[in-house]
Amino acid sequence: MDKFYITTAIPYVNAKPHLGHALEFVQADVIARYQKTAGKEVFLTTGADENSLKNVQAAEKLGISTQELCNRNSELFKKFAQTIGLSFSTFMRSSNPDLHLPGIKKLWNACVKNGDIYKKRYKGLYCVGCEAFYTEDELVDGLCPEHLTKPEVVEEENYFFTLSKYQRKLIELIEGDSLLVYPESRKNEVLSFVKSGLKDFSVSRSSERAKDWGLSVPEDASQKIYVWFDALGIYLTGVGFGRDENLFKKWWPADVHVIGKGIIRFHAVYWPAMLLSAGLELPRKIFVHDYVTVEGQKMSKSLGNAVDPMQLLERYPVDAVRYFLIRESPAWKDADFSEAALRARIDGELVADLANLVARILTIAEKTDVGSISGAEELLVHSNVDKVRKSMEDFDMYGAINEIWAVIRMVNKYINDTRPWEAKGAALGKILYNALEAIRIIAILIQPFMPSTSERIFEQLGVQPQPLSEARFKRFEGRPKRGKNLFERAK
RNA sequence: AGCGGGGUAGAGCAGCCAGGAGUGCUCGUCGGGCUCAUAACCCGAAGGUCGAAAGUUCAAAUCUUUCCCCCGCUACCA
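Computed from a predicted structure; not experimentally measured.

### Let's talk about the sheet that holds strand β10 (residues 216-217)
One open sheet holds the 3 strands; their spatial order is β9-β11-β10, and the pairing between them is antiparallel. Here the strands that pair on one side only, and so sit at the sheet edges, are β9 (204-206) and β10. Where β9 and strand β11 (residues 220-225) come together, 3 bridges link them in antiparallel fashion. When the bridges of β11 are listed, Ser 204 appears paired with Ile 225.

### Observations concerning the domain arrangement of chain A
The domain architecture assigned to chain A consists of domain 1 (3-309) and domain 2 (317-470). A separation of 38 Å is found between the C-alpha centroids of domain 1 and domain 2. Of the residues lining the interface, 32 residues belong to domain 1; the matching set on domain 2 comes to 27 residues. The contact between domain 1 and domain 2 buries some 2600 Å² in all, and 64% of this surface belongs to carbon and sulfur atoms. In terms of surface lost to domain 2, no three residues of domain 1 exceed Val 30, Tyr 34 and Thr 37, which account for 25% of the buried area on that side. Where domain 1 meets domain 2, there are 1 salt bridge. A salt bridge links Asp 29 to Arg 322; the nearest nitrogen and oxygen atoms lie 2.6 Å apart. Of all the secondary-structure elements, those providing two or more residues to the side of domain 1 that touches domain 2 are α1 (19-37), β13 (285-289) and β14 (292-294).

### Quick notes on unusual backbone geometry
Between Tyr 182 and Pro 183 the backbone carries a cis peptide bond, its omega angle lying at -5°. Following the sequence through the fold, Pro 183 ends up in the loop between β7 (180-182) and α6 (184-195). For the bond from Trp 252 to Pro 253, the omega torsion is 5°, close enough to zero to count as cis. By the element assignment, Pro 253 lies in the loop between α9 (245-251) and β12 (256-260). Positive phi is not limited to glycine here, since Asp 177 has a value of about 65°. Position of Asp 177 among the secondary structure elements: in the loop between α5 (167-175) and β7.

### A few points about the side chain of His 21
Of note, His 21 is situated in helix α1. In contact with His 21, not counting residues within four places along its chain, are Pro 11, Phe 77 and Phe 80.

### Details of the side chain of Asp 319
Structurally, the position occupied by Asp 319 is in helix α12 (residues 318-327). There is no salt bridge for the buried Asp 319, and the closest opposite charge comes from Arg 322, which lies 4.4 Å off by N-O distance. One polar contact links Asp 319 to Thr 453, side chain to side chain, over a distance of 2.6 Å. Not counting the four nearest positions on each side in its chain, Asp 319 is found in contact with Met 450, Pro 451, Ser 452, Thr 453 and Phe 487.

### Overview of the protein's contact with RNA strand B
Every one of the 50 residues lining RNA strand B counts as a neighbour, but Gly 197, Tyr 226, Trp 228, Lys 333 and Asn 356 are closest to it. Taking the atoms of RNA strand B that fall within 4 Å of the protein, sugar and phosphate contribute 64% of them. One of the side-chain N or O atoms of Arg 419 is found 3.1 Å from a sugar or linking oxygen in RNA strand B. Elements represented by at least two residues in the surface near RNA strand B include exactly α6, α7 (227-232), α10 (264-278), α13 (339-366) and α15 (397-418). In terms of residue count, α13 provides more of the surface near RNA strand B than any other element does, 10 residues in total. Residues of the surface near RNA strand B, tallied by class, amount to 21 nonpolar, 11 polar and 18 charged.

### Quick look at the nonpolar core
In this structure, Ile 6, Leu 354 and Phe 449 are the most contacted members of the largest nonpolar core, which totals 100 residues. Sorting elements by how many residues they give to this core places helix α16 (residues 425-446) first, with 14 residues. Here this core spans two domains, since at least three of its residues come from each of domain 1 (3-309) and domain 2 (317-470). When neighbours within four sequence positions are excluded, Phe 449 is seen to be in contact with Val 30, Arg 322, Ile 326, Met 392, Met 397, Ala 400, Ile 401 and Ile 404. Core analysis: the second largest hydrophobic core is formed by 57 residues, Tyr 159, Leu 163, Tyr 166 and Phe 248 among them.

What counts as what
- Counting restarts for each chain, with residues numbered from 1 along the sequence as it is written.
- Written order determines the labels here, with chains lettered from A and ligands numbered from 1.
- pLDDT decides what is reported in this predicted model: residues at 70 or higher carry local features, side-chain atom pairs at 80 or more are listed and counted, and totals for whole chains, interfaces and linings draw on all residues regardless.
- The side-chain figures draw on all heavy atoms in the structure; neither hydrogens nor water molecules are used.
- Two strands pair if DSSP finds at least two bridges between them.
- The helix count covers DSSP runs of H or I at least four residues long, the strand count covers runs of E at least two residues long, and both are numbered beginning at the N terminus.
- Domain limits in this description derive from either an automatic procedure or a database domain assignment.
- Working rule for contacts: check all heavy atoms of both residues, and any pair within 4.5 Å makes them a contact.
- The term buried area means the drop in 1.4 Å probe accessible area that two parts suffer when joined, counted for both and summed.
- When a carboxyl oxygen of Asp or Glu is within 4 Å of a side-chain nitrogen of Lys or Arg, the pair counts as a salt bridge.
- The classification of residues rests on relative accessible area computed with a 1.4 Å probe and restricted to protein chains. Under 20% of the type maximum is buried, over 50% is exposed, and intermediate values are partly exposed.
- Note on charges: Lys and Arg go in the positive column, Asp and Glu in the negative column, and His and the chain ends are not counted at all.
- We define a polar contact as two N or O atoms separated by no more than 3.5 Å, with the added condition that, inside protein, one atom must be a possible hydrogen donor and the other a possible acceptor, whereas residues neighbouring each other in sequence contribute only through side-chain atom pairs.
- We define proximity as follows: a residue is near a molecule or strand when any one of its heavy atoms falls within 4 Å of that partner.
- Gly is put with the polar residues, along with every residue not named as nonpolar or charged; the nonpolar set is Ala, Val, Leu, Ile, Met, Phe, Trp, Tyr, Cys and Pro, and the charged set is Asp, Glu, Lys and Arg.
- Take the buried Ala, Val, Leu, Ile, Met, Phe, Trp, Tyr and Cys residues and link them wherever side-chain atoms come within 4.5 Å; each set so joined is a nonpolar core.

Listed below in structure tokens is the structure:
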């Protein structure tokens, strides 16, 4: 069986999950479940980046230890991933000394062995408040824009990675799509960045500056590994790198990394360069999604408009939230969230189109002798199914769901036109055959997007859940029994 | 400033690469049909100088040029 390895970005866990994480988890999960229903064996890695300085700062603010903060928040993220239906195979915490650490050491040493990590004195403008370096032009009147203090000139010796060495190779790989960056606008963005010239970047910081938090550089305890080097490595250690070579052999390389637009450089430039250096295969694709805005504005703490997805899931069905996030997210555009828009989607589409279709047909089908349900195929859904497949292979989930809705609307229209409530005998059987088979196919198609709704439709039809290969008209063999409404109106 | 993406009915989009009557989709508005279905479903109508100007062409939303406006990226920002 073909394998498919997919990852979500690894969030740093300095705070609880927000709606952006929800979007990422749902998109990754929809791709994963699609591949499963298309017949592949799927492995999904997600996890928590715990070695970030941001976590140290967050813990200080709360007056708890960094480890305690990580334990607490990683648990929240894991719980959230489960609640939103992320079908992950592994939740890898970067602080895990047994599962993660050996792989990172191995990765680091492989880069060292290839001559790509060297020591260099680094001098920069460092703001103690931000615990970050600034470049001259980022400063406002020579002061830190955040704290309005004069940054110190800090000089220390760090390890650097020879990114510059890989410039030509990266251009070749990305241009030729052997490392495919999707959508194309992002690919162009990366290419223009790489072509503008790559500089080596530091892959460690002094333990002092790292507040002694993080993974130590092998053979040099005075330095901590740069969090990116470590966090990206989760994609490898998630499938056994450095501890289970058979597992690793089976799953690597990743078929796709799902990431947000803010971290594209790390994934499309640094990461492939690191892998090239270590002599490992590159991921095949990088899927870049945009952000979630709230009522047209960026989510931010200062605006106080951050939406807590956990709370949202207490008030709305998980499948409705999943549907909404996909429905509002073409890959090239921010998705805008508002509760009014969510309700409109629920009432206007999930209730009025999908749930209503199932309800109106099941009511009639339940009263009809199943033996008489047969007849010629009148609803032509093949081309829709093909389009859904094509869209999904291209990661165009937005396009796929549009196409699925075209089928739902077509069946609703078919029912209006054929008037099954007036029909009898063979005529009724034929209409029901078409409608029920179409609904079965719809249940198959929505499986990746709304898994539990799909299951409930199969249940009402009285058939077993089915893979994508069954998404074509055949004999209807279910025992229809109307169940509870799939969705209730939100207002 | 440079590079990239975008500006199409009240809103959100598709159409552009391979020019052929402003064609289409979803929502909203108005009118009608239906009564199986959760006031759900179906049909019809109104509504656009396709950001602006110039050019190429028998013909431009589509190709070329210029301009205006919006967004993203421009190095260690997990």
